[in-house]
2 protein chains.
Amino acid sequence: MKDLYPSRQNNKPEIFERKDPVIHTDRSKDDQAPISTEQLDFYEENGFLQIENFFSDEEVSNMQKGIFELQEDSHGVQSDKVIREPESDEIRSIFHVHEDDDYFKNIANDQRLLDIVNHLLGSDVYVHQSRINYKPGFTGKEFDWHSDFETWHVEDGMPRMRAVSLSIALSDNYTFNGPLMLIPGSQNYYVSCIGETPDDNYKESLQKQKLGVPDHDSLRWLAEKGGGISVPTGKAGSITLFESNTMHGSNGNITPYSRNNLFMVYNSVENQLVKPYSGGKERPEFIAVRDGVRDLSYNK
Amino acid sequence: MKDLYPSRQNNKPEIFERKDPVIHTDRSKDDQAPISTEQLDFYEENGFLQIENFFSDEEVSNMQKGIFELQEDSHGVQSDKVIREPESDEIRSIFHVHEDDDYFKNIANDQRLLDIVNHLLGSDVYVHQSRINYKPGFTGKEFDWHSDFETWHVEDGMPRMRAVSLSIALSDNYTFNGPLMLIPGSQNYYVSCIGETPDDNYKESLQKQKLGVPDHDSLRWLAEKGGGISVPTGKAGSITLFESNTMHGSNGNITPYSRNNLFMVYNSVENQLVKPYSGGKERPEFIAVRDGVRDLSYNK
């Protein structure tokens, strides 16, 4: 398959224009969407959309209970899916919860979420990756700028930009506790990065990403083009949807306020993974679903 | 002299109540102040005050020119006063500019600033410390929580809480480029920290402070008490005044936006340094003015 979005093949960064729509259902069908035309406009223009109070207080409190129970239960567990802090035994992420845990499987299948995601991707969808992120206060490290799509394309063989990430806030997001930062409009440009991808890069990159981080000039260009940086803040229970190629990152967090979320990536069933474009070996199923694709629209 | 604010003498952190007023001119004389009663109330309650557009666009652009000229001129200079990045030759701070540089000496003597500071401290004042901070984008590191007074007391022998820090923003401060964060109300509590202070601790602490950083429980307690964390943002030319004991810090900065400021600490002439309460040796004059005290009210 021709590589429409080459990256990590050169010593010189380049910026290409996006070759896929941002919203994959024709805009003439806005009236069939579960969100408003204004929300669709915002997503198309900025590459992300926040919806506050998406989940009720009761749902939030159940999800909060759910993530801490799973953290507790995973304490002694040795599994690649459980990512710990480099310098302590503290659990930082748990992957693949949309299949391994009945409670979170249910949330991944939430019809309100699926309706939105189906519309944005213009097809049936499946979960490409899921994880719970635990970010305790005081010690949160920064996460450098990256396009998820760049990694998914190069390391996982995702062919096109037809996936959307969903972050469900399970603690209040302030401007100061290391919230998600996005560069509005960046979904329209693909920054081809430098460097070569070694096998098993994910073991390091889940703790600190080094490859697929754009150069400073490209980031400056994107931020100028997009008019700055957006920081959606909001109460627990709000959701943020962002396009697979939207450039994002987060600063560290020295405040006492933790930041936990449930993160799920929906991909179009028409955009399933092929061989990694790096030419390297495939990453494990828990990071990039390949064999276990389950079309969620069959739930309907 | 009795140590009213002991710290780094114990293995257990403690929190003491403040033993000094926050505003040292009696509040019955508010009408003589160069700022409003609302502004004085805010400062007294929160331990800081931001004033936007304090300096005109022309003044800002001159100061910006001034700091970069001085940076340029200092390139080859080997001096303790010029602090460089640990891993590059980039200049991060230049100290003692209120005496060494005529232009910045003039700014330290700005009558509008002195009128405010005189009122807050209830006496004539002098500059205890001054520096220009250059914080380029992308690479800004976090600065952990601390009370300046704790360090000035322990390492410099500042007897009482009767000093005020002034930060002049020389680039726009956003929520996302590692701005100053303060815990409102924290000026009313003194967190006695653990650890002993080695001689020449400043050589390390100017790059990364380790001693005088409160424990997590105390920080959590302060933030709860103060109702959270405040992040004054604003255009270049705004000023932030904060009380010597107000707990503050800053997150890192992965954004392309730099953050430069001119920082000056005014101390009451009635609160001049004695021997360091650590019992250790005095820090150099460029960090803590001792011999070169110059009462700025003589400018009047």
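Residues numbered from 1 in each chain as written. Chains lettered and ligands numbered in written order. Predicted model: local features only at pLDDT ≥ 70, side-chain atom pairs only at ≥ 80, totals over all residues. Heavy atoms only, no water.

A. Spatial organisation of the overall build of chain A. A tally of helices and strands in chain A yields eight helices and twelve strands. Computed over the C-alpha atoms, the radius of gyration of chain A is 18 Å, within 12% of the 19 Å expected from 2.2 N^0.38 for a compact globule of 300 residues. Each principal axis of the C-alpha distribution contributes one length, and for chain A these read about 50 × 45 × 40 Å. Per-residue burial over chain A gives 58% buried out of 300 residues. Excluding contacts between residues fewer than 6 apart, the proportion of contacts in chain A whose partners are at least 24 apart in sequence is 85%. About 12800 Å² of surface is accessible on chain A, with carbon and sulfur atoms providing 45% of the total. Side chains of chain A carry 31 positive and 50 negative charges; the gap between the two charge centres is 3 Å. (Helix = DSSP H or I, 4+ residues; strand = E, 2+ residues; numbered from the N terminus. Rg over C-alpha atoms; globule rule 2.2 N^0.38 Å. Buried < 20%, exposed > 50% of the residue type's maximum accessible area, 1.4 Å probe, protein only. Contact = heavy atoms within 4.5 Å. Areas by Shrake-Rupley, 256 points an atom, 1.4 Å probe, with all protein chains shown as cover. Lys, Arg positive; Asp, Glu negative; His and termini not counted. Charge placed at Lys NZ, Arg CZ, Asp CG, Glu CD.)

B. Summary view of the interface of chain B and chain A. Taken residue by residue, the interface counts 25 residues in chain B and 25 residues in chain A. At the boundary of chain B with chain A, total buried surface from both sides reaches about 2000 Å², with 68% on carbon and sulfur atoms. Looking at the side of chain B facing chain A, the largest losses of area belong to Phe 138, Phe 176 and Ile 254 of chain B, adding up to 32% of the total buried there. The interface formed by chain B and chain A contains zero salt bridges. Where chain B meets chain A, there are six residue pairs in polar contact (both at pLDDT 80 or more). Where the side of chain B that touches chain A is concerned, the elements lending two or more residues are β6 (143–146), α8 (216–226) and β11 (248–250) of chain B. The greatest single-element share of the side of chain B that touches chain A, amounting to four residues, is contributed by α8 of chain B. Looking at side-chain class alone, the side of chain B that touches chain A contains twelve nonpolar, nine polar and four charged residues. (Buried area = accessible area lost by both parts, 1.4 Å probe. Salt bridge = Lys/Arg side-chain N within 4 Å of Asp/Glu carboxyl O. Polar contact = N/O pair within 3.5 Å; in protein donor to acceptor, adjacent residues only side chain to side chain. Nonpolar A, V, L, I, M, F, W, Y, C, P; charged D, E, K, R; others polar.)

C. Structural view of the sheet that holds strand β8 (residues 180–182) of chain B. All names here are of chain B. The three strands lie next to each other as β6-β11-β8, forming an open sheet whose pairing is antiparallel. Lying at the two open borders of the sheet, with one neighbouring strand each, are β6 and β8. Along the sheet, successive strands turn relative to each other by an average axial angle of 25°, direction set aside. Pairing analysis gives two bridges linking β6 to β11, with the strands arranged antiparallel. Bridge pairing in β11 links Phe 143 to Ser 250. (Pairing = 2+ DSSP bridges. Axes fitted to C-alpha atoms, helices over the stretch in contact; angles between N-to-C directions.)

D. Region of interest: helix α5 (residues 111–121) of chain B. Residue and element names in this part refer to chain B. Most of α5 sits inside the fold, with eight of its eleven residues counted as buried. For α5, the complete set of buried residues consists of Leu 113, Leu 114, Ile 116, Val 117, Asn 118, His 119, Leu 120 and Leu 121. Count one or two residues on from α5 and you reach Gly 122, which has phi positive near 65°.

E. The arrangement of the environment of Phe 55 of chain A in detail. All names here are of chain A. Within the fold, Phe 55 resides in the loop between β2 (48–51) and α2 (57–73). Given a relative accessible area of 5%, Phe 55 falls into the buried group. It is 6.7 Å that separates the C-alpha atoms of Phe 55 and Ser 238, two residues lying 183 residues apart in sequence. The residues contacting Phe 55, other than those within four sequence positions of it, are Val 60, Met 63, Asp 110, Arg 112, Leu 113, Ile 168, Gly 237 and Ile 239.

F. Just the environment of Ile 168 of chain B, in detail. Residue and element names in this part refer to chain B. Turning to its location among the elements, Ile 168 is positioned in strand β7 (residues 163–169). Overall, Ile 168 belongs to the buried group, its relative accessible area being 0%. Sequence separation between Ile 168 and Ile 132 is 36 residues, and the spatial gap between their C-alpha atoms is 9.6 Å. Each residue touching Ile 168, except ones within four places of it in the same chain, is listed here: Phe 55, Met 63, Ile 107, Leu 113, Ser 238, Ile 239, Asn 260, Asn 261, Leu 262 and Met 264.

G. Highlighting the pairing of strand β10 (residues 239–243) of chain A. Residue and element names in this part refer to chain A. When you tally the buried positions in β10, you get five out of five residues, the bulk of the element. Side chains Ile 239, Leu 241 and Glu 243 project from β10 onto one buried face, and the interleaved Thr 240 and Phe 242 project onto a second face that is buried too. Summarising the sheet, β2 and β10 pair through four bridges and their orientation is antiparallel. Across the sheet, Phe 48 pairs through a bridge with Phe 242, a residue of β10. As judged from the five bridges shared by strand β7 (residues 163–169) and β10, these two strands associate in the antiparallel manner. Along β10, the bridge assignment pairs Ser 165 with Phe 242.

H. Seen up close, the relation of the copies chain B and chain A. After a rotation of 180° and a shift along the axis of 0.0 Å, chain B superposes on chain A with an RMSD of 0.0 Å. With respect to symmetry, the two chain copies, as superposed, fit the operation of a two-fold axis. (Least-squares fit on C-alpha atoms with pLDDT ≥ 70 in both.)

I. Spotlight on the side chain of Ser 250 of chain A. Along the chain, the position of Ser 250 of chain A falls in strand β11 (residues 248–250). Ignoring sequence-local partners within four residues, the contact set of Ser 250 of chain A consists of Lys 135, Glu 142, Phe 143, Gly 178, Pro 179, Met 181 and Arg 259 of chain A together with Ile 254 of chain B.

J. Geometry of the side chain of His 24 of chain A. Residues and elements named next belong to chain A. Within the secondary structure layout, His 24 lies in the loop between β1 (14–17) and α1 (37–46). One polar contact links the side chain of His 24 to the main-chain carbonyl oxygen of Pro 21, over a distance of 3.1 Å. Polar contacts involving the side chain of His 24 include one to the main-chain carbonyl oxygen of Met 161, which spans 3.0 Å. Those residues in contact with His 24 that sit more than four places away from it in its chain are Arg 18, Leu 120, Leu 121, Gly 122, Met 161 and Arg 162.

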